[in-house]
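Geometric and topological summary
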Amino acid sequence: MAPNRRQILTTAGTVGVLAAGYALFSAAPRSRPSAALTAPSPPSEPATPSEPATPSAPSVPRTPASLSTPGTPAAPSTPGTANRAEVVARYRDTVPTRWGTDVPGVLDRLPGERGQIALTFDACGGPGGDGYDRALIDLLRERNVPATLFLNSRWIDANPVVSRRLAAEPLFEIADHGTRHRPLSVTGRSAYGIAGTQDAGEVVAELTANRGRLADLLGVPPRFFRPGTAYCDDVAVRIAAELGQRVVGFTVNGDAGVTYSAAEIAKEVGAARPGSIVIAHMNHPEGDTAAGFAAALPGLLAAGHGFTRLSDAFR
């Protein structure tokens, strides 16, 4: 069978000409990578400027993660209240068995038969891009389409006024895209040239620092987290659960890290079906994401598909 576009995009030759950072991870094939794979390193890319804003704990015995029940990460009786030092101590020497975007415990589809689609948009910040795709957000407003927006700490720093405005809009839900935009790993695994967190302590830091500032912004802590590049291991997912975070992946790769044309985006997003979680980006206004969604949404709405924020789907 001839390779499809996503398979072509993930070859080392193509990666060499793609943009750096998180703008690249979405070019990975929709088929999930194996734990033995680490993506090649891309060239560096300058950050996109923002558009003006509009309104030592004791060691524990080494325990393979596979001894725990897959897909059912441990959680405290009250989510989010686990002591951070205890979490680090508990998972310090735990060995991960899965790595990639298809890991037990990661939410990659909506539950049940809700008949809805979840649109999610990442704002990566830093080398991944500090821009604000106002046209995309205005499109969602005009169509009254709800969405979940994953904001990285660096993007918030670059867009403080926009961040406050988006947080105040009921149409949108704000979620956590991490502090330093790292793949979430307890062993330092990397993805697309971006070094992951090195150990359980760094996982906790990546999960909690931006969450704290988002809690100040929103009045409550965000419930959902997406790692930089969307890569994680199973131990990191369990740590997130103990800290009250649900790690979110995707079903449909909407804009391939803003490398797709408008026509390609329209085709991918237009093929979304009820239960899908669509991933795309809101931090590259120079890309075709807004145009692609503008072409896809009318058909989806005409077909009777509804849209939901993640918090309304995962009660």
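Above: the structure in question.
As a starting point, this report considers the structure included with it. Note that the structure is a prediction, hence the values are computed from the model and not measured. (Residues numbered from 1 in each chain as written. Predicted model: local features only at pLDDT ≥ 70, side-chain atom pairs only at ≥ 80, totals over all residues. Heavy atoms only, no water.)

A look at the nonpolar core
Test applied: Among the buried residues, those of types Ala, Val, Leu, Ile, Met, Phe, Trp, Tyr and Cys that are joined through side-chain atoms within 4.5 Å form a nonpolar core. Residue exposure (1.4 Å probe, protein chains only): buried if accessible area is under 20% of the type maximum, exposed if over 50%, otherwise partly exposed. In this text, helices come from DSSP runs of H or I with a minimum length of four residues, and strands from runs of E with a minimum of two, each type numbered from the N-terminal end.
By size, the foremost hydrophobic cluster in this structure holds 36 residues, and its most contacted members are Leu119, Phe121, Leu140, Leu149, Leu166, Met282 and Phe293. Per element, the largest residue contribution to this core is five residues, and it comes from helix α11 (residues 289-302). The next biggest cluster of nonpolar side chains, apart from the first, holds 20 residues, and it includes Val106, Ala200, Val235 and Ile239.

Considering the pairing of strand β2 (residues 116-123)
Our working definition: Two strands form a pair only when DSSP identifies at least two bridges running between them.
Burial analysis of β2 places seven of its eight residues in the buried class, which makes it a mostly covered element. In this sheet, strand β12 (residues 306-307) lies alongside β2 in parallel orientation, the contact comprising two bridges. Paired with Ile117 across the two strands is Phe307, which belongs to β12. Two elements, β2 and strand β3 (residues 147-151), share four bridges in a ladder whose sense is parallel.

Quick notes on the side chain of Thr148
Stated formally: Distance and chemistry together define a polar contact, namely a pair of N or O atoms within 3.5 Å, with one atom able to donate a hydrogen and the other to accept it when in protein, and with adjacent residues in sequence counting only for side-chain atoms on both sides. Residue contacts follow a heavy-atom distance rule, with two residues in contact if any of their heavy atoms lie within 4.5 Å.
Position of Thr148 relative to the elements: it lies in strand β3. Within the local environment of Thr148, its side chain forms a polar contact with the backbone nitrogen of Leu310, the two atoms lying 3.0 Å apart. Leaving out residues up to four positions away in the same chain, Thr148 has contacts with Leu119, Thr120, Phe121, Glu173, Ala175, Arg309 and Leu310.

Structural notes on the pattern of salt bridges
This is how the line gets drawn: Only one rule defines a salt bridge in this text: a Lys or Arg side-chain nitrogen within 4 Å of an Asp or Glu carboxyl oxygen.
According to the stated counting rule, one finds nine salt bridges in the structure shown. We note a salt bridge from Glu169 to Arg165, for which the minimum N-O separation is 3.8 Å. For Glu169, a relative accessible area of 17% translates into the label buried. Using a relative accessible area of 29% as the deciding quantity, one classes Arg165 as partly exposed. As a salt-bridge pair, Arg315 and Asp312 come within 3.9 Å of each other at their nearest N and O atoms. Accessibility expressed as a relative area gives 77% for Arg315, which makes it exposed. Each of Asp138, Arg141, Arg165 and Glu169 takes part in a single network of salt bridges with overlapping partners.

Just geometry here; none of it tells us what the structure is for.
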